[in-house]
Amino acid sequence: QVQLVESGGGLVQAGGSLRLSCAASGRIIRIDTMGWFREAPGKQRELVAAMTSGGTTDYADSVKVRFTVSRDNAKNTVTLQMNSLKPEDTAVYYCNANVATSAWGPPSRYWGRGTQVTVSS
């Protein structure tokens, strides 16, 4: 019913920047929180940054100041600008959205397929 498609991952040297984008499509009535998680080898998936439809943001302590999340509610997109990247930021980054697909039901969580971000030292 809902698809999330990420783009923008890749390989970058430490100190560099990358920009991730995610577009949601399908039967969308409303998107509540939309953002990014990441999963590094051997580690649990963790929240990186998220934004509510009203603009409230939440960041992992490890990325505050360096990363910025933004949304275009009209286009159902979310973007993650990542600056001053570190090798420990290496992970698969997943787009996440809480989407209501009907006017009366609660939102459901949807995930993208993930995009690899690799930061070399």
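For the structure itself, look to the data block above.
Residues numbered from 1 in each chain as written. Predicted model: local features only at pLDDT ≥ 70, side-chain atom pairs only at ≥ 80, totals over all residues. Heavy atoms only, no water.

Description of the environment of Val65
By secondary structure assignment, the location of Val65 is in the loop between strand S6 (57–59) and strand S7 (67–72). On the accessibility criterion, Val65 (85% relative accessible area) is exposed. Linking Val65 and Met82, residues 17 residues apart in sequence, is a C-alpha distance of 9.6 Å. (Helix = DSSP H or I, 4+ residues; strand = E, 2+ residues; numbered from the N terminus. Buried < 20%, exposed > 50% of the residue type's maximum accessible area, 1.4 Å probe, protein only.)

Quick word on unusual backbone geometry
For Val65, which is not a glycine, the phi torsion comes out positive at approximately 80 degrees. The residue Asn76 is not glycine, and still its phi comes out positive at about 55 degrees. Structurally, Asn76 can be placed in the loop between S7 and strand S8 (77–82). For Asn76, a relative accessible area of 21% gives the class partly exposed.

All quantities given are derived from atomic positions and should not be read as evidence of function.
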